[in-house]
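# Fold and geometry: a report
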Amino acid sequence: MWESESDGRGGGRDLEPDKHDGLKTDGFERRDQSWFVSSDIPSDLLVKVGGVSFHLHKYPLLSRSGRMNRIIYESSRESEPSLVELDDLPGGPEAFELAAKFCYGIAVDLTASNISGLRCAAEYLEMTEDLEEGNLIFKTEAFLSYVVLSSWRDSIVVLKSCESLSPWAENLQIVRRCSESIAWKACANPRGIRWAYTGRPARASSPRWNGDSKESSPSRSQPVPPDWWFEDVSILRIDHFVRVVTAIKVKGMRFELIGAAIMHYASKWLPGLTKEGAQGGEEPWSHQGGLHLIVAGSGSKEDLSSGQIREQRMVIESLISIIPPQKDCVTCSFLLRLLRLANMLKVAPALVTELEKRVGMQLEQATLPDLLIPSFHKSETLYDVDLVQRLLEHFLVQEQTESSSPGREPYPEKHSYEANQRASGPTAKTRVARLLDSYLTEVSRDRNLSLTKFQVLAEALPESARTCDDGLYRAVDSYLKAHPALTEHERKRLCRVMDCQKLSIDACMHAAQNERLPLRVVVQVLFSEQVKISNAIASSSLKEAVESHYQPMISARRQLLEGTPQSFQEGWAAAKKDINTLKFELESTKAKYLELQNDMDNLQRQFEKMSSTKPSKQSSSSWSTGWKKLSKLTKMTNEAHEIGAPMPATAATEATKKGPRRWRNSIS
């Protein structure tokens, strides 16, 4: 059990030093900004601390404080009451009041709220054991070690109170000891935890919080959530929170819990990270002396003072530095919103680059609203397109690294079910491609977005990342709408980023009626759709199945042609007519070539007969007939070259070579 006897409200341990003989007092009383000792002996020492005056006596202070002893000795020659100013005393007037009461032998109530300030004040006043046994340093140190550090709540409260005690609390190791105590308890078995939280308000869905009752734990049937310590740790200042998280990492806590604690802390101290503000009507944690950070979701840097900007920048830089290196320890949405604030507040470039790499590791989890980061620096575009380009580069590097090391398991064993789900779904590149197409559609409406930036961003991913280019076509069409002054060459260049063969039938129907597209692109869309239908019909073995299965595609193509503008239809009809003419001439040339091939075979057989027997009149006439056919073959070959028919070059060459050579041989 970690809760101490001081877990009540204001309860603590009474510190009763021995009273000095010869100086009787009934206590201290306050009048406006001055404290007086209720005693018959008049005051001979005036101490001022932070605008508060203390009218005291020299002897009780010099007997227990080494610093006051030196100061009083130096001013002992003066007849008037000595004046001592201690404006740099840690803990302020409250801590000095308790130290002065201790010197007078008045009982002091030690609590988690005042122990850190009193411990630092005792060190400042040099209230050591050399002056008197059981002095204030010894008493406060014992209370810290045996009471505070054994209690979860007291450790949080003491660490919170150390915010105004730098560097004394650091030098006295109070911050380190409290941080390690909190880390040890956060990593311990939650079944032994008393639910005496310090900051979380009671809600209907939460266990009952009762600070006055020692039996404030939930019922045994109710499990303790793993994030039970998030709320308490989130009230700490950023430097102390970093110390606690660092100590928790050393203890070996799961990285996903550390990431969740970081996101919870950021939601408290950086409200601009949340999309819809506080959820469930829960009021943000408020406390005195802390950072009051107000960052609207769409706020600008001009709405913040220089002090707020400096404090927020420190929070963001610290959070970036303590995010665990493992993938998926924090969400991609959180990283992108943190990156948005980092760019707005001009965080250190090295940390921004590190944050961009973290986003690139899990870019497939991003959403379009988080990716639309405004361009806070001097830029022509509304959104930071260059930032998205860098994120894509980091993503591709990460993908290449993972693919080059197949033996490495990207997910732990306990996440095998989620890993199987991711493997069965779309690949990371496919999800990023869809996200990029949506991003391009959104940013294409910016009239200041150059064609080069659009093209570079659209071609950043490999072609295999997209199985369908419908999203890319929407982005191209949106860019053409927003930039009507593009030349014909620029429009053709823009359309090269998409593959017409990857467009669906709906996209093809829209593209055929889109007058913003170049005529050449429309013809490519129609031709690619015709090729798809022809290939689909040719690959089917049963005619009935082909007609029943592809009839919707054929009717859709008919609708596609009917919905095409008249100018595009005329151009397409002319092109189709030329294609059909060339096909007819090609078939005629092929038929004539086959006929001549047969004649050539007959001629060769006749020549073989003539070479084996004596030439006669009949063979001479047959040979002259073959010669006429050979002349006819040469003539047809020339005609084929003139009309551009693809006659096989090897066959023509062979026929040409064989004829004259055999003729010369026959003459000889």
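Notes on the structure follow. (Residues numbered from 1 in each chain as written. Predicted model: local features only at pLDDT ≥ 70, side-chain atom pairs only at ≥ 80, totals over all residues. Heavy atoms only, no water.)

## Some words on the overall build of the protein chain
The secondary structure content of the protein chain amounts to 27 helices and seven strands. Across the 668 residues of the protein chain, 45% fall into the buried class. Taking as baseline every contact in the protein chain between residues at least 6 positions apart, the subset at least 24 positions apart corresponds to 71%. Working note: accessible area of the protein chain is about 36600 Å², and carbon and sulfur atoms make up 51% of it. (Helix = DSSP H or I, 4+ residues; strand = E, 2+ residues; numbered from the N terminus. Buried < 20%, exposed > 50% of the residue type's maximum accessible area, 1.4 Å probe, protein only. Contact = heavy atoms within 4.5 Å. Areas by Shrake-Rupley, 256 points an atom, 1.4 Å probe, with all protein chains shown as cover.)

## Some details on the side chain of Ser 34
As for its position among the elements, Ser 34 is in strand E3 (residues 34-37). Residue class for Ser 34 comes out buried when judged on its relative accessible area of 16%. Aside from chain neighbours lying at most four places away, what touches Ser 34 is Glu 29, Ser 53 and His 55.

## With respect to the packing of aromatic side chains
Evaluation of the coordinates by the stated rule reveals seven aromatic pairs. Aromatic pair Tyr 124 and Trp 168: ring centres 5.9 Å apart, planes at 75°, arrangement edge-to-face. Here Trp 168 lies in helix H7 (residues 168-171) and Tyr 124 lies in helix H4 (residues 115-125), a separation of 44 residues in the sequence. You can call Trp 168 partly exposed: its relative accessible area is 26%. An angle of 25° between the planes, with centres 5.5 Å apart, marks the rings of Tyr 265 and Trp 269 as stacked. One end of the pair is Tyr 265 and the other is Trp 269, both in helix H11 (residues 255-269) and four residues apart, which spans about a single turn. (Phe/Tyr/Trp six-rings, centres within 6.5 Å; stacked < 30°, edge-to-face > 60°.)

## Thoughts on the packing of helix H16 (residues 385-404) against helix H19 (residues 451-458)
Here H16 crosses H19 at 20°, and the two axes come no closer than 10 Å. When the axes of H16 and H19 are compared, the pair comes out roughly parallel. As for the relative orientation of H16 and H19, their crossing is left-handed in sense. The segment H16 lies against H19, with Val 385, Asp 386, Val 388, Gln 389 and Leu 392 engaging Lys 453, Val 456 and Leu 457. Residues belonging to the contact of H16 with H19 are distributed by class as follows: five nonpolar, one polar and two charged. (Axes fitted to C-alpha atoms, helices over the stretch in contact; angles between N-to-C directions. Parallel < 35°, antiparallel > 145°, perpendicular 65-115°, else oblique. Left-handed = near helix turned anticlockwise from the far one by under 90°. Nonpolar A, V, L, I, M, F, W, Y, C, P; charged D, E, K, R; others polar.)

## Things to note about the nonpolar core
Among the nonpolar cores identified, the biggest contains 153 residues, and Val 47, Leu 56, Leu 86, Phe 96, Trp 229 and Leu 319 are the most heavily contacted of them. Top element by residues in this core is helix H13 (residues 332-344). It accounts for nine residues. Contacts of Phe 96, omitting those with residues within four sequence positions, involve Val 47, Val 49, Phe 54, Leu 56, Leu 61, Leu 86, Leu 89 and Leu 125. (Core = buried A, V, L, I, M, F, W, Y, C linked by side-chain atoms within 4.5 Å.)

## Some words on the pattern of salt bridges
On inspection of all chains with the given rule, the structure shows 21 salt bridges. Between Lys 268 and Glu 231 there is a salt bridge, with its nearest N and O atoms 3.4 Å apart. You can see Lys 268 sitting in helix H11 and its partner Glu 231 sitting in helix H9 (residues 230-233), a full 37 residues away along the chain. The class for Lys 268 is buried, based on a relative accessible area of 17%. Among the residues examined, Glu 231 registers a relative accessible area of 1% and is labelled buried. Between Arg 516 and Asp 477 there is a salt bridge, with its nearest N and O atoms 2.8 Å apart. Within this pair, whereas Arg 516 is found in the loop between helix H22 (505-512) and helix H23 (519-538), its partner Asp 477 is found in helix H20 (residues 470-482), the two being separated by 39 residues in sequence. You can call Arg 516 partly exposed: its relative accessible area is 31%. (Salt bridge = Lys/Arg side-chain N within 4 Å of Asp/Glu carboxyl O.)

## Observations regarding the sheet that holds strand E5 (residues 52-56)
In spatial order, the strands read E2-E3-E5-E4-E6; together these five strands make up an open sheet with mixed pairing. With partners counted over all chains shown, the strands left at the sheet margins are strand E2 (28-31) and strand E6 (82-85), one partner each. Averaged over all adjacent pairs, the angle separating strand axes in this sheet is 20°, with direction ignored. Against the sheet, helix H3 (residues 92-103) makes contact with E2, E3, strand E4 (45-49) and E5, and its axis sits at roughly 10° relative to E5, the strand it touches most. (Pairing = 2+ DSSP bridges.)

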